[in-house]
Amino acid sequence: MNPAARPGSDTSIAPPRALDADRVREQFPILRRQIGDRPLVYLDSAATTQKPQSVIDAVSRYYEEINSNVHRGVHRLSEEATNAYEGARKKIRTFINAKDWQEIVWVRGTTEGINLVAQSWGRSRLGKGDEVLLTTMEHHSNIVPWQILCEQTGATLRIAPIGDDGSLLLEEFEKVLSDRTRVVAVTHASNALGTVNPIREIVALAHAVGAVAVIDGAQATAHLPVDVRDLDCDFYAFSGHKMFGPTGIGALYAKREHLEAMPPWMGGGDMISMVTFRETHYSDPPFRFEAGTPNIAGAVGMGAAVDFITGLGIDAIGAHERGLLEHGTARLGEVEGLRLIGTAPHKSAVFSFVLEGIHPHDIGTILDRRGIAIRTGHHCAQPVMQRFRVPATARASVSVYNTRRDLDDLVEGLEEVNRFFR
Ligand code: PMP
């Protein structure tokens, strides 16, 4: 990522301290695994990141020492579980610089967060003639919930195109934007292309026509600083498992004024203040949106993941990954027949590529024999594949624990793929 592209970052401050990836690697037990007789080379962090020992320990400790249900108990364990769960919410608040903890709703992940916004915010507000504006590079999680909403309300989906390098075409975006636009839903960083979008600008454009801005942060929070107040977005959804935390937990940030005006999405325990068969009074946000026993251990683990990121420094992580992006882009350029899909000037360390005449699944299978884990397929972004007229791509994505050696191994593996098929 180009620092200039990172909304909320102050480029005038001193450069981040360099990160020692070998020491970071030691904190990830899974990286000691062998695949066959080869050490694991994990290049699939855009799908899910690996977990540091501190996160694993936080989850185990929760179950070993605290496990209990939250909010309702008067006994010691329940009080401790509630403190751990609510304490993690406060860590999330600080991490993304939300104004207060009531603006953080625990969800299962980005997908659930976006569905919550579509159904709770969108369903009662949208109607015929209204428009929801997305971009071509969205993940299915930021497409399908809006399609469902449009079917339910009669609103129309509009799509802003992307250029040949995978950048959002802002001028085209502005042309599709109008006073009919009620929602602009855009990814912060694309999982299929790596493109990092100018979110602050997009949010300002959305607000100028009276639309709300919903940001899919799944691919951003582990890689670049996110400051929701600086971005001024209305909603920001992200997943714990993509930022060193557990699966099945994520957070939805929403401006308090929105949450207060939104009806519950799911009903059940823990989201009410009073129930009779005649009527129910709901709790205040965020609890109104958290029906049922939550993923308490997951929240605690996501809090530990935030501590892990903060401990290393998000700027140091970004700088490390930019080094990998440069190295990987240069090395992959040496591979015969390789074409990168997604070469935007502002991109995260995602390498999506095709090898001429070779199916991505074959690439993935041969690399797996060398212990190298990459992802192949459409990456839940089929419109991106359609845009670039490819059925699928191979995708290597890096994180804080990757080194240049991993990318050199990838290149060696791809040379073997080429020898095998050519
Ligand atoms: N958006 C993007 C850009 C993603 O990469 C992903 C996960 N691949 C999602 C949304 C969905 O995240 P989750 O499956 O954790 O809900």
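All values reported here derive from a predicted model rather than from experimental measurement.

Let us now look at empty space enclosed by the protein. A complete count under the given rule lists one cavity of 30 Å³ or more for this structure. Taken as a whole, the largest cavity encloses approximately 60 Å³ of empty space. Taken together, Ser-45, Ala-46, Gln-219, His-223, Ser-348, Ala-349, Val-350, Ser-397 and Val-398 form the lining of the largest cavity.

Quick look at the sheet that holds strand 8 (residues 212-216) now. Across a sheet, paired strands are connected by hydrogen bonds in the backbone, their directions being either parallel or antiparallel. Read across the open sheet, the seven strands follow the order 4-10-9-8-7-5-6; overall the sheet is mixed. The two strands at the open ends of the sheet, each matched to only one other strand, are strand 4 (104-107) and strand 6 (156-160). Adjacent strand axes in the sheet meet at a mean angle of 20 degrees when their direction is disregarded. Bridging between strand 5 (residues 131-135) and strand 6 involves five bridges; their strand directions are parallel. Looking at the pairing, Leu-134 lines up with Ile-159 of strand 6. Strands strand 4, strand 9 (235-239) and strand 10 (250-254) of the sheet are contacted by helix 3 (residues 76-96), whose axis makes an angle of about 120 degrees with strand 4.

So, on to the nonpolar core. Core analysis: the biggest nonpolar cluster contains 80 residues, and Ile-96, Phe-173, Val-184, Tyr-236, Phe-244 and Val-400 have the highest contact counts within it. The leading source of residues in this core is helix 10 (residues 296-312), at 11 residues. The residues that make up this core include at least three from each of domain 1 (17-46 + 313-421) and domain 2 (55-310). Apart from the residues within four sequence positions on either side, Val-184 is in contact with Leu-133, Phe-173, Leu-177, Ile-202, Ala-206, Ala-211, Val-212, Ala-213 and Val-214. Trp-146, Leu-149, Phe-235 and Met-262 belong to the second-largest nonpolar core, a separate cluster that totals 26 residues.

A separate point is the pairing of strand 4. What you see with strand 4 is no split at all: Ile-104 and Trp-106 on one side and Val-105 and Val-107 on the other are buried throughout. Relative to strand 10, strand 4 is paired through four bridges, and the arrangement is antiparallel. Paired with Val-107 across the strands is Gly-250, a residue of strand 10.

Okay, the sheet that holds strand 13 (residues 338-340) next. Read from one edge of the open sheet, four strands run 13-14-17-16, paired in antiparallel fashion. Unpaired on one side and paired on the other, strand 13 and strand 16 (375-377) mark the two borders of the sheet. Between one strand and the next, the sheet's axes are offset by a mean angle of 30 degrees, whatever the strand orientation. Note: strand 13 against strand 14 (residues 350-355), three bridges, orientation antiparallel. For Leu-338, the partnering residue across the bridge sits in strand 14 and is Leu-355.

Before going further, it helps to examine the site of the ligand. The environment of the ligand is made up of 14 residues, and the closest members are Thr-111, Asp-216, Gln-219, Ser-239 and Lys-242. Thr-111 is positioned with one of its side-chain polar atoms (N or O) 2.5 Å from an oxygen atom of the ligand. In this structure, a nitrogen atom belonging to the ligand sits 2.5 Å away from a side-chain N or O atom of Asp-216. Contact with the protein chains covers 84% of the free accessible surface of the ligand, which is 390 Å². One can see that the ligand is located within the largest pocket.

Taken as a whole, this structure holds 11 aromatic pairs when the rule is applied. Here Phe-28 and Phe-308 contribute two aromatic rings whose centre-to-centre distance is 5.5 Å and whose plane-to-plane angle is 80 degrees, an arrangement assigned as edge-to-face. Of this pair, Phe-28 sits in the loop between helix 1 (21-26) and strand 1 (34-35) while Phe-308 is found in helix 10, placing the two residues 280 residues apart along the sequence. Of the two residues examined, Phe-28 and Phe-308, each falls in the buried class. Judged by centre distance (5.0 Å) and plane angle (65 degrees), the ring pair of Phe-244 and Phe-308 falls under edge-to-face. With a gap of 64 residues between them, Phe-244 in the loop between strand 9 and strand 10 and Phe-308 in helix 10 connect regions that are remote in the sequence. Phe-244 sits in the buried class, given a relative accessible area of 0%. Grouped by ring-pair contacts, the aromatic residues Phe-28, Tyr-42, Phe-244, Phe-308 and Tyr-401 constitute a single cluster. Over the ring of Trp-101 we find Lys-90, and its NZ or CZ is 5.6 Å from the ring centre.

Residues at a pLDDT of 70 or more form 96% of the protein chain, whose mean pLDDT is 95. Throughout residues 1-11 the model reports pLDDT below 50, and contacts reaching past four residues in sequence, or to other chains, amount to 32 contacts.

Throughout the structure, instances matching the rule amount to 24 salt bridges. Here the salt bridges do not stand alone but share partners, grouping Arg-369, Arg-370, Glu-412 and Glu-416 into one network.

Rules used throughout
- Residues numbered from 1 in each chain as written.
- Predicted model: local features only at pLDDT ≥ 70, side-chain atom pairs only at ≥ 80, totals over all residues.
- Heavy atoms only, no water.
- 1 Å grid on protein atoms, 1.4 Å probe; cavity = no way out; pocket = protein on both sides within 12 Å on 5 of 7 lines; lining within 4 Å.
- Points joined across faces, edges and corners; volume = space filled by probe spheres on them.
- Pairing = 2+ DSSP bridges.
- Helix = DSSP H or I, 4+ residues; strand = E, 2+ residues; numbered from the N terminus.
- Axes fitted to C-alpha atoms, helices over the stretch in contact; angles between N-to-C directions.
- Contact = heavy atoms within 4.5 Å.
- Core = buried A, V, L, I, M, F, W, Y, C linked by side-chain atoms within 4.5 Å.
- Buried < 20%, exposed > 50% of the residue type's maximum accessible area, 1.4 Å probe, protein only.
- Domains from an automatic or database assignment.
- Near = heavy atom within 4 Å.
- Polar contact = N/O pair within 3.5 Å; in protein donor to acceptor, adjacent residues only side chain to side chain.
- Areas by Shrake-Rupley, 256 points an atom, 1.4 Å probe, with all protein chains shown as cover.
- Sits in = over half its atoms within 2 Å of the grid points.
- Phe/Tyr/Trp six-rings, centres within 6.5 Å; stacked < 30°, edge-to-face > 60°.
- Lys NZ or Arg CZ within 6 Å of the ring centre and 35° of its normal.
- pLDDT = per-residue confidence, 0-100.
- Salt bridge = Lys/Arg side-chain N within 4 Å of Asp/Glu carboxyl O.

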